[in-house]
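Observations on the three-dimensional arrangement
One letter stands for each residue in the lines below.
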Amino acid sequence: MLPVTPPLIDPGRRSQRHGGFHKSVCTSVNECMCHGIPDSRQLQSGDIINIDVTVCLDSYHGDTSRTFFCGEVSEGFKQLVKVTEECLEKGIVVCKDGASFKKIGKRISDHAEKYGYNVVERFVGHGVGPVFHSEPLIYHYRNDEPGQMVEGQTFTIEPILTIGTTECVTWPDNWTTLTADGGVAAMIC
């Protein structure tokens, strides 16, 4: 969900194109659900970090993220990341021409709940193309939203799972979003 601007593009234009975000990558550590702004924090053994990058090339926006382990990570955190990856895979499997978008959310929710995890509803996947964060919106939780996939359509599936609450707090920077209870979150795209 964050821009990496190609060389020779004015950084001021980058901020305008991507909602004013003033860095080139999101780094979300432990209880940070998403949109963490990189800073001088030193990672510790046992942390997990999501690195979220958007690349814009020839006016086409691509989006990807991955959660990584720092040093010796607890089995509980490893399991959370593994199940988040599996949720992404389960969402991808249902994608085909004519399929209902709501199948993605159902598959992700069903799988996460088997392991006792919660799916964050506030943040969604989105279309990929010349408009950053365009339609269709992809809900990662059970929903009754209308809409069907069309062959050739490109979109992200970006589940965020938490160990505890899905309620969140956004810092005054209007980007960095944490779990309200300090529980760990994992995201993948």
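Residues numbered from 1 in each chain as written. Predicted model: local features only at pLDDT ≥ 70, side-chain atom pairs only at ≥ 80, totals over all residues. Heavy atoms only, no water.

Going by an unreviewed UniProt entry, the protein carries the name Methionine aminopeptidase and comes from Raphanus sativus. For the protein, the Catalytic activity (unreviewed entry) comment in UniProt is given as "Release of N-terminal amino acids, preferentially methionine, from peptides and arylamides." The UniProt entry for the protein carries this comment under Function (unreviewed entry): "Cotranslationally removes the N-terminal methionine from nascent proteins. The N-terminal methionine is often cleaved when the second residue in the primary sequence is small and uncharged (Met-Ala-, Cys, Gly, Pro, Ser, Thr, or Val)." (UniProt positions renumbered as here; feature names shortened; annotations may be inferred.)

Tallied over the entire structure, the rule returns 6 salt bridges. Between E75 and K78 there is a salt bridge, with the nearest N and O atoms lying 3.5 Å from each other. With E75 and K78 both in helix 2 (residues 75–93) and 3 residues apart, the pair spans about one turn of that helix. Between D110 and K106 there is a salt bridge, with its nearest N and O atoms 2.7 Å apart. Of this pair, D110 and K106 both sit in helix 3 (residues 102–114), separated by 4 residues, roughly a single helical turn. Of the residues examined, K106 reaches a relative accessible area of 43% and is grouped as partly exposed. (Salt bridge = Lys/Arg side-chain N within 4 Å of Asp/Glu carboxyl O. Helix = DSSP H or I, 4+ residues; strand = E, 2+ residues; numbered from the N terminus. Buried < 20%, exposed > 50% of the residue type's maximum accessible area, 1.4 Å probe, protein only.)

Strand order in the open sheet formed by 3 strands is 6-9-12, with antiparallel pairing between adjacent strands. Looking along the sheet, the strands with just one partner apiece sit at the ends: strand 6 (118–119) and strand 12 (185–187). Relative to strand 9 (residues 160–162), strand 6 is paired through 2 bridges, and the arrangement is antiparallel. Its bridge partner being in strand 9, N118 is matched across the sheet by T162. (Pairing = 2+ DSSP bridges.)

Read across the sheet, 3 strands follow the order 3-11-10 without closing on themselves; strand pairing throughout is antiparallel. Strands with a single pairing partner mark the edges of an open sheet, and in this sheet they are strand 3 (32–34) and strand 10 (168–170). Adjacent strand axes in the sheet meet at a mean angle of 40°, parallel and antiparallel pairs treated alike. Here strand 3 pairs with strand 11 (residues 177–179) via 2 bridges, running antiparallel. The residue of strand 11 that forms the bridge with C34 is T177. (Axes fitted to C-alpha atoms, helices over the stretch in contact; angles between N-to-C directions.)

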